[in-house]
Amino acid sequence: MMQTSDPSIYAVGDAVEEKDFVTSAQTLVPLAGPANRQGRMAADNMFGRNETYQGTQGTAICKIFDLAVASTGKNEKQLKRDGINYEKVYVHTASHASYYPGAEIVSFKMLFDPKTGKILGAQAVGKDGVDKRIDVMAVAQRAGMTVEQLQHLELTYAPPYGSAKDVINQAAFVANNIIKGDSTPIHFDEMDSLTDEQVLLDVRNPGELENVGFIKDAINIPVDQLRQRMNELPKDKEIVIYCQVGLRGNVAYRQLVNHGFKARNLIGGYRTYKFATA
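Scope of this entry: the structure provided in the associated data block.

## Some details on the overall build of the protein chain
- Counting its secondary structure elements, the protein chain contains nine helices and twelve strands.
- Viewed in the frame of its principal axes, the protein chain has a C-alpha envelope of about 75 × 40 × 35 Å.
- Every one of the 278 residues in the protein chain was classed for burial, and the buried ones make up 45%.
- The contacts in the protein chain between residues at least 6 apart in sequence include a share of 60% that link residues at least 24 apart.
- Carbon and sulfur atoms provide 52% of the accessible area of the protein chain, an area that totals close to 14800 Å².
- Looking at the protein chain, you have 31 positive and 33 negative side-chain charges, and the mean spots of the two groups are 2 Å apart.

## Some words on unusual backbone geometry
- Of note in the backbone geometry, Met-2 takes a positive phi value of approximately 70° without being a glycine.
- One can find Met-2 in the segment before β1 (18-19).
- Take Met-2: its relative accessible area is 12%, and that puts it in the buried class.
- Despite not being glycine, Ser-24 shows a phi value in the positive range, around 70°.
- By relative accessible area, which is 46% here, Ser-24 ends up partly exposed.

## Some thoughts on the nonpolar core
- Ranked by internal contacts, the top residues of the largest apolar core, which has 35 residues, are Val-89, Phe-108, Met-110, Met-137, Leu-150 and Met-191.
- The dominant element in this core, judged by the number of residues it contributes, is helix α5 (residues 167-180), at six residues.
- The next biggest cluster of nonpolar side chains, apart from the first, holds 16 residues, and it includes Val-199, Ile-221, Ala-252 and Tyr-253.

## Some thoughts on a nonpolar patch on the surface
- Side chains of Ile-64, Phe-65, Leu-67, Val-69 and Val-125 sit close together on the surface and give an oily, nonpolar patch of about 440 Å² of accessible area.
- Checked against the element boundaries, Phe-65 lands in the loop between β3 (60-64) and β4 (67-73).
- Residue class for Phe-65 comes out exposed when judged on its relative accessible area of 76%.

## Section: the side chain of Gln-244
- With respect to the secondary-structure elements, Gln-244 resides in the loop between β11 (238-242) and α8 (247-258).
- Note on Gln-244: relative accessible area 19%, which makes it buried.
- Ignoring any residue separated from it by four or fewer positions in sequence, one finds Gln-244 in contact with Arg-204, Glu-208, Val-212, Gly-268, Gly-269, Tyr-270 and Arg-271.

## Some remarks on the pairing of strand β7 (residues 119-126)
- Across the eight residues of β7, seven count as buried, placing the element largely inside the fold.
- By the bridge criterion, six bridges tie β4 to β7 in an arrangement that is antiparallel. Bridging from a neighbouring strand, Ala-70 pairs with Ala-124 of β7.
- What sits between strand β6 (residues 105-112) and β7 in their antiparallel hairpin is a turn of six residues, with Gly-117 showing a positive phi close to 80°.

## Thoughts on the layout of surface pockets
- Approximately 540 Å³ is the volume attributed to the largest pocket.
- Counting residues per element, the ones that place at least two in the lining of the largest pocket are β4, α2 (76-81), β5 (87-94), β6, β7 and α9 (269-276).
- Among the residues forming the lining of the largest pocket, the class breakdown is eleven nonpolar, six polar and seven charged.
- Reported here for the second largest pocket is a volume of approximately 450 Å³.
- Lining the second largest pocket are 17 residues, with Val-91, Gln-170, Val-174, Gly-246 and Leu-247 positioned closest to its centre.
- Taken together, the elements giving at least two residues each to the lining of the second largest pocket come down to β5, α5 and α8.
- Here the residues of the lining of the second largest pocket are counted per class, giving seven nonpolar, nine polar and one charged.

## Quick word on the pairing of β5
- Judged by how many residues are buried, β5 sits mostly within the fold: eight of eight residues are covered.
- Note: β5 against β6, eight bridges, orientation antiparallel. In the sheet register, His-92 faces β6, and the bridge partner there is Ser-107.

## Thoughts on a negative patch on the surface
- A contiguous patch of negative charge on the surface is contributed by Glu-104, Asp-128, Asp-131 and Asp-135.
- Structurally, Glu-104 can be placed in the loop between β5 and β6.

Cut-offs used in this document
Residues numbered from 1 in each chain as written. Predicted model: local features only at pLDDT ≥ 70, side-chain atom pairs only at ≥ 80, totals over all residues. Heavy atoms only, no water. Helix = DSSP H or I, 4+ residues; strand = E, 2+ residues; numbered from the N terminus. Buried < 20%, exposed > 50% of the residue type's maximum accessible area, 1.4 Å probe, protein only. Contact = heavy atoms within 4.5 Å. Areas by Shrake-Rupley, 256 points an atom, 1.4 Å probe, with all protein chains shown as cover. Lys, Arg positive; Asp, Glu negative; His and termini not counted. Charge placed at Lys NZ, Arg CZ, Asp CG, Glu CD. Core = buried A, V, L, I, M, F, W, Y, C linked by side-chain atoms within 4.5 Å. Patch = residues over 30% accessible without salt bridge, like charges linked within 9 Å, V, L, I, M, F, W, Y side chains within 5 Å. Salt bridge = Lys/Arg side-chain N within 4 Å of Asp/Glu carboxyl O. Pairing = 2+ DSSP bridges. 1 Å grid on protein atoms, 1.4 Å probe; cavity = no way out; pocket = protein on both sides within 12 Å on 5 of 7 lines; lining within 4 Å. Points joined across faces, edges and corners; volume = space filled by probe spheres on them. Nonpolar A, V, L, I, M, F, W, Y, C, P; charged D, E, K, R; others polar.

See below:
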């Protein structure tokens, strides 16, 4: 109720700890939005109402030159610190239909419980549409939606404003592939410690390797040639697949698994690996 141990004194905003929305633990989140809501609530309670604060998600955004960086809920370091089980996905997709002028890449990360699908947090960075995606995620998290339900969000679509499959829908598709066992993920921080029992496969076109870069020691078989060239890969080793952002890697993963190979797909593709290890 924003009331202190002295019933005549109320405290709000940066001066107080509040309940973390995800973990229910006490936390300090000095943000203007929570502070203003707490001020309204304290005033109501001073005059006899019985309002209670519903927790802070830490939804925030920052402008850094021409980029926007935003987040809601918990980040990965916090989840590790608190010993919370989680899985993560990365997607890099256009802020609106890519064929319409002005589309910018939104790099989006979502953290979730791999058993229940509970949304634990999300972060995004890009030049356009970042605030929109994190605001949607903040509402979805507060409403108690799961990543399974995120697949069904019906968001506005017209080429100047969005895509038929929004960034959030895409992230939810990837997350549900992992939960259902349709995809076995590997993450960027595991790529530099592969063993002799694993083979690295780059399924992009050769020109992309020259122009964008590549991970050392990878076999290059473009995804469009994979069905005809599977015999070049060993069946007694795990095939670690990557492409530019993860989509073609998923197509290659399904082809290989359906032909009896053991495989994993790099979530977020080479784009995630490149920037995360820069």
